[in-house]
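Here is how the chains run, residue by residue.
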Amino acid sequence: MFSADDILDAEVSGANSTEYVPVPEGEYPASVSKVGLKAVGQDKDMYVLEVSWSVDDEGVTEATGIDKPTVRQSVFLDINEQGRLDTSKGKNVNLGKLREAVGQNGPDAWKFEMLEGASAQVMVNHRSGQNGEVYAEVKRVSAL
């Protein structure tokens, strides 16, 4: 087992990478590795579900040089006046599509943590960052 001190005291040779290699655009089988909720907006009164997908594709592993390539999906959430997830007509449609893709959009009780480990087909697109970086993100999910 390594300690923080071992890492800080270690001498390294060679330069570090300075460019991130994004998951290539395309459709891939993937599974949810992590979910989290982020408060956004000036008053931190809006919420975004952050879903990390682990891409299961040998070509992506080779292209990125990453053993377990991941890509993120951001889903804005509609919250009702009671501070709960809004399930009324026309609300949380993207969350509904995500749940549908992983077979979890039924009438039974559901929690966000149930997404972890679920699998689907993800469509990955690229977007440009402020400094010219390229970021890969999930634009659509569908059932495998």
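Please read these numbers as outputs of a predicted model, since none were measured by experiment.

Analysis parameters
- Residues numbered from 1 in each chain as written.
- Predicted model: local features only at pLDDT ≥ 70, side-chain atom pairs only at ≥ 80, totals over all residues.
- Heavy atoms only, no water.
- Helix = DSSP H or I, 4+ residues; strand = E, 2+ residues; numbered from the N terminus.
- Buried < 20%, exposed > 50% of the residue type's maximum accessible area, 1.4 Å probe, protein only.
- Contact = heavy atoms within 4.5 Å.
- Areas by Shrake-Rupley, 256 points an atom, 1.4 Å probe, with all protein chains shown as cover.
- Lys, Arg positive; Asp, Glu negative; His and termini not counted.
- Charge placed at Lys NZ, Arg CZ, Asp CG, Glu CD.
- Core = buried A, V, L, I, M, F, W, Y, C linked by side-chain atoms within 4.5 Å.
- Phe/Tyr/Trp six-rings, centres within 6.5 Å; stacked < 30°, edge-to-face > 60°.
- Lys NZ or Arg CZ within 6 Å of the ring centre and 35° of its normal.
- Pairing = 2+ DSSP bridges.

## A short note on the overall build of the chain
Now for step 1: Tallying secondary structure elements over the chain gives three helices and five strands in all.
Now for step 2: Seen along its three principal axes, the alpha-carbon backbone of the chain occupies a region of about 60 × 35 × 35 Å.
Now for step 3: For the chain, buried positions account for 30% of its 144 residues.
Now for step 4: Put simply, of all contacts in the chain between residues at least 6 apart along the chain, 50% involve residues at least 24 apart.
Now for step 5: Surface accessibility of the chain: about 10300 Å² in total, with carbon and sulfur atoms responsible for 46%.
Now for step 6: If the 14 positive side-chain charges of the chain are averaged to one point and the 24 negative ones to another, these points end up 11 Å apart.

## Structural notes on the nonpolar core
Now for step 1: In this structure, L49, W53, L98 and L115 are the most contacted members of the largest nonpolar core, which totals 26 residues.
Now for step 2: Listing elements by their share of this core, those giving two or more residues are β1 (26-40), β2 (46-55), β3 (70-77), α3 (93-101), β4 (119-128) and β5 (134-142).
Now for step 3: The contact partners of L115, leaving out residues within four places of it in the chain, are V32, V35, L49, L98, V102, Q104 and W110.

## Description of the packing of aromatic side chains
Now for step 1: According to the stated counting rule, one finds one aromatic pair in the structure shown.
Now for step 2: Ring plane angle 65° and centroid distance 4.9 Å describe the contact between W110 and F112, whose orientation is recorded as edge-to-face.
Now for step 3: For W110, a relative accessible area of 17% translates into the label buried.
Now for step 4: Since its relative accessible area comes to 26%, F112 is described here as partly exposed.
Now for step 5: Sitting above the plane of the W110 ring, R99 keeps its charged end 4.1 Å from the centroid.

## Some points on unusual backbone geometry
Now for step 1: Here the phi dihedral of K44 falls at roughly 55°; this positive angle occurs in a residue that is not glycine.
Now for step 2: By the element assignment, K44 lies in the loop between β1 and β2.

## Focus: the pairing of β3
Now for step 1: By the alternation rule, side chains of β3 split into V71, Q73, V75 and L77, which are all buried, and T70, R72, S74 and F76, of which none is buried.
Now for step 2: The pairing of β2 with β3 spans eight bridges and is classified as antiparallel. Within β3, the position partnered with S54 by the bridge is T70.

## Focus: the environment of E50
Now for step 1: With respect to the helices and strands, the residue E50 is situated in strand β2.
Now for step 2: The class for E50 is buried, based on a relative accessible area of 13%.
Now for step 3: Sequence separation between E50 and V35 is 15 residues; the distance between their C-alpha atoms is 5.7 Å.
Now for step 4: The residues contacting E50, other than those within four sequence positions of it, are K34, V35, G36, K38, R72, Q73 and S74.

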